Amino acid sequence: MARGKRSLAVDLKRPRGAAVLRSLCARADVMLESFRPGEPQIPTRRETGRGAVPEEGRPPDIWGVMEKLQLSPEILQKENPKLIYARLSGFGQSGRFSRVAGHDINYLALSGVLSRIGRSGEAPYAPLNLLADFGGGGLMCTLGILMALFERTRSGKGQVIDANMVEGTAYLGSFLWKTEQTGLWGQPRGQNMLDGGAPFYTTYRTADGGFMAVGALEPQFYELLLKGLGLKSDELPSQMSITDWPEMKKKFADIFAKKTKAEWCQIFDGTDACVTPVLTFEEVTHCGHHKDRGSFIIDREQGVSPRPAPQLSNTPAVPSSKRDPFVGEHTEEILKEFGFSQEEISQLKSEKIIESNKPRANL
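Quick summary incoming for the structure in this document. (Residues numbered from 1 in each chain as written. Predicted model: local features only at pLDDT ≥ 70, side-chain atom pairs only at ≥ 80, totals over all residues. Heavy atoms only, no water.)

**Quick notes on helix α6 (residues 165-172)**
Rules: The cut-offs for exposure are 20% and 50% of the maximum accessible area for each residue type, with area from a 1.4 Å probe on protein chains only; residues under the lower value are buried, those over the upper are exposed, and the others partly exposed. Secondary structure elements are defined from DSSP: runs of H or I of at least 4 residues count as helices, runs of E of at least 2 residues count as strands, and each element is numbered from the N terminus. By the convention used here, residues are in contact when the closest approach between their heavy atoms is within 4.5 Å. By the criterion applied in these results, polar contacts are pairs of N or O atoms within 3.5 Å in which, for protein atoms, one can donate a hydrogen and the other can accept it, and in which residues neighboring in sequence qualify only through two side-chain atoms.
Those residues of α6 that fall on the buried side of the exposure criterion are Met-165, Val-166, Gly-168 and Thr-169. On the buried face of α6, the contacting elements are β5 (84-89), α4 (104-111), α5 (130-155) and β6 (160-164). In this structure Asn-164 caps α6, since a side-chain oxygen of it lies 3.3 Å from the backbone nitrogen of Val-166.

Below, the structure written as structure tokens:
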């Protein structure tokens, strides 16, 4: 996740550290924070021109982290009205769960989507942490940032984005609610067409312990699947006979188990049967299709990772093969770019407001 990025380390708990960040935000397009939120309420102590605060001048504990650090949207956008302030959290900036701790599986659960993921008769399971953390959270937050940047070209003003993983995941799963009404997800978990219930939309183990993925939904593709398996449709139940699906899955599983993954690839490659191998991380770089497109890259340390996607015709991304940065590796050069003098940087460093970890030569 740090590929191609630079690292600047600042102690935001120190007032001068927060001031450094405010200086950076005065010239930045986007500020992204993912701390725990909080909603200010009026305390019983004295009132000031800036609002109600405790007597000692500190914000009340129910304020969010960024508010405590004096890095709230109000403060930063006052200095830079064009700033896009993206707030990414688990449950959102408001609501009774907003200040509660959680992880991907909790956000997925509260979105309603987790209840639909899992095998029949088994407990729901989370698909790694891709769906809530990266999909409903990071990806949807990115979409919000892009929309805000586009809107700024018209209004000239920034805005605050309340992106959270619960609502982002639910929104990604909008089709589940739509298809619930049309009957596509009318069966219990694991017994529907797209969740492993159908024999023509699931995975099967091969003779060598590999797996093949089958997605032959349409009738013409299903016919090609049967042909590859050596079966005839007129000798089988109807494709959409839900009551026969469990028995059909067993039949298909027995056939797939008789050949290796490579043998099944020879049978189905180049066809429209919608049957593909389940590639491991070790196998993806050797896949002919990925080689054709250069879909995976190898860095200087021989590590494999996906190439940036999607591809843009005029400004395609140039993937970095460099190692991930050390924390604070680029602190000084970034501050110089933002107008800090060497004297200011040296003072911040001596006071341990900033951290600079430049790589040392191995001699």
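Additional details are given in the paragraphs that follow.
**Focus: unusual backbone geometry**
The step from Ala-309 to Pro-310 runs through a cis peptide bond, and the omega angle for that step is 0°. Positive phi values are uncommon outside glycine, yet Cys-274 reaches one of about 60°. Along the chain, Cys-274 turns up in the loop between α10 (261-268) and β9 (275-277).

**A few points about the layout of surface pockets**
Remark: the empty space left among the atoms is shown by a probe the size of a water molecule rolled over them. Stated precisely, the cut-off is as follows: Only protein atoms enter the calculation, which uses a 1 Å grid: trapped sets of points that fit a 1.4 Å probe without letting it out are cavities, open sets showing protein on both sides within 12 Å along at least five of seven lines are pockets, and any residue with an atom within 4 Å of a point is a lining residue. Grid points are joined across faces, edges and corners, and a volume is the space filled by probe spheres set on the points. Three categories are distinguished: nonpolar for Ala, Val, Leu, Ile, Met, Phe, Trp, Tyr, Cys and Pro, charged for Asp, Glu, Lys and Arg, and polar for the others, with Gly belonging to the last.
Volume-wise, the largest pocket comes out at about 800 Å³. Met-1, Ala-2, Lys-5, Phe-134 and Thr-142 are, among the 17 residues lining the largest pocket, the residues nearest its centre. Looking at which element gives the most residues to the lining of the largest pocket, the answer is α5, with six residues. Looking at side-chain class alone, the lining of the largest pocket contains eleven nonpolar, two polar and four charged residues.

**Description of the state of the cysteines**
Under the convention used in this document: In plain terms, two cysteine sulfur atoms within 2.5 Å form what is called a disulfide here.
Scanning the entire structure with this criterion turns up zero disulfides. Distance from the sulfur of Cys-265, which forms no disulfide, to the nearest cysteine sulfur (Cys-287) is 8.7 Å. Of the residues examined, Cys-265 reaches a relative accessible area of 15% and is grouped as buried. Overall, the relative accessible area of 21% leaves Cys-287 in the partly exposed class.

**Concerning the environment of Asp-244**
Looking at the element boundaries, Asp-244 is found in the loop between α8 (219-229) and α9 (245-256). Here Asp-244 falls in the partly exposed class, since its relative accessible area comes to 27%. Put simply, Asp-244 and Gln-77 are 167 residues apart on the chain and 61 Å apart in space, counted from C-alpha to C-alpha. A polar contact of 2.6 Å, which involves the side chain of Asp-244, links it to the side chain of Ser-241.

**Section: the nonpolar core**
For clarity, the cut-off: What is meant by a nonpolar core is a set of buried Ala, Val, Leu, Ile, Met, Phe, Trp, Tyr and Cys residues, joined one to another through side-chain atoms within 4.5 Å.
Ranked by size, the top nonpolar core spans 24 residues in total, and within it Phe-200, Leu-225, Leu-229, Phe-252, Phe-256, Phe-268 and Val-275 carry the most contacts. Contributing elements (two or more residues each) for this core: β8 (211-215), α8, α9 and α10. Non-local contacts of Leu-229, meaning those with residues more than four positions away in its chain, are made with Phe-252, Ile-255, Phe-256, Trp-264 and Phe-268.

**Concerning α5**
Among the residues of α5, those classed as buried are Ala-132, Gly-135, Gly-136, Gly-137, Met-140, Cys-141, Gly-144, Ile-145, Ala-148 and Arg-152. Of the surrounding secondary structure, the elements contacted by the buried residues of α5 are β2 (30-33), β5, α4, β6 and α6.

**A closer look at the sheet that holds β8**
Applied cut-off: Pairs of strands are assigned from DSSP output, requiring at least two bridges between the strands. Here the axes come from fitting lines to C-alpha atoms, over the contacting stretch only for helices, and the angles between their N-to-C directions go from 0 to 180 degrees.
Here we have three strands laid out as an open sheet, ordered β7-β8-β9, and antiparallel in their pairing. Whereas interior strands pair on both sides, the edge strands pair on one side only; in this sheet they are β7 (201-205) and β9. The average undirected angle you get between the axes of adjacent strands in this sheet is 25°. Note that β7 and β8 share five bridges and pair antiparallel. Bridge pairing links Tyr-204 to Met-212 in β8. Sitting on the sheet, α10 touches β8 and β9, and the angle it makes with β8 is about 30°.

**Comments concerning empty space enclosed by the protein**
For the structure shown, the criterion picks out one cavity of 30 Å³ or more. Taken as a whole, the largest cavity spans an internal volume of roughly 30 Å³. Contributing to the lining of the largest cavity are Pro-199, Tyr-222, Pro-237, Ser-238, Gln-239, Ser-241, Asp-244, Trp-245 and Met-248. Grouping the constituent residues of the lining of the largest cavity by class yields five nonpolar, three polar and one charged.

**Looking at the pattern of salt bridges**
Filter applied, for reference: Any carboxyl oxygen of Asp or Glu that lies within 4 Å of a side-chain nitrogen of Lys or Arg is treated as forming a salt bridge with it.
What the rule picks out here adds up to nine salt bridges. When the shortest N-O distance is used, the salt bridge between Glu-33 and Arg-87 registers 2.6 Å. With Glu-33 in strand β2 and Arg-87 in strand β5, the pair connects residues that are 54 residues apart, well separated along the chain. Here the two residues Glu-33 and Arg-87 agree in accessibility, since each one is buried. In this structure, Arg-87 and Glu-67 form a salt bridge, with 3.1 Å as the shortest nitrogen-oxygen distance. One end of the pair, Arg-87, is in strand β5; the other, Glu-67, is in helix α2 (residues 65-68), and 20 residues separate them in sequence. Look at Glu-67 and you get buried, because its relative accessible area is 12%. A single salt-bridge network, built from bridges that share partners, covers Arg-6, Glu-333 and Glu-337.

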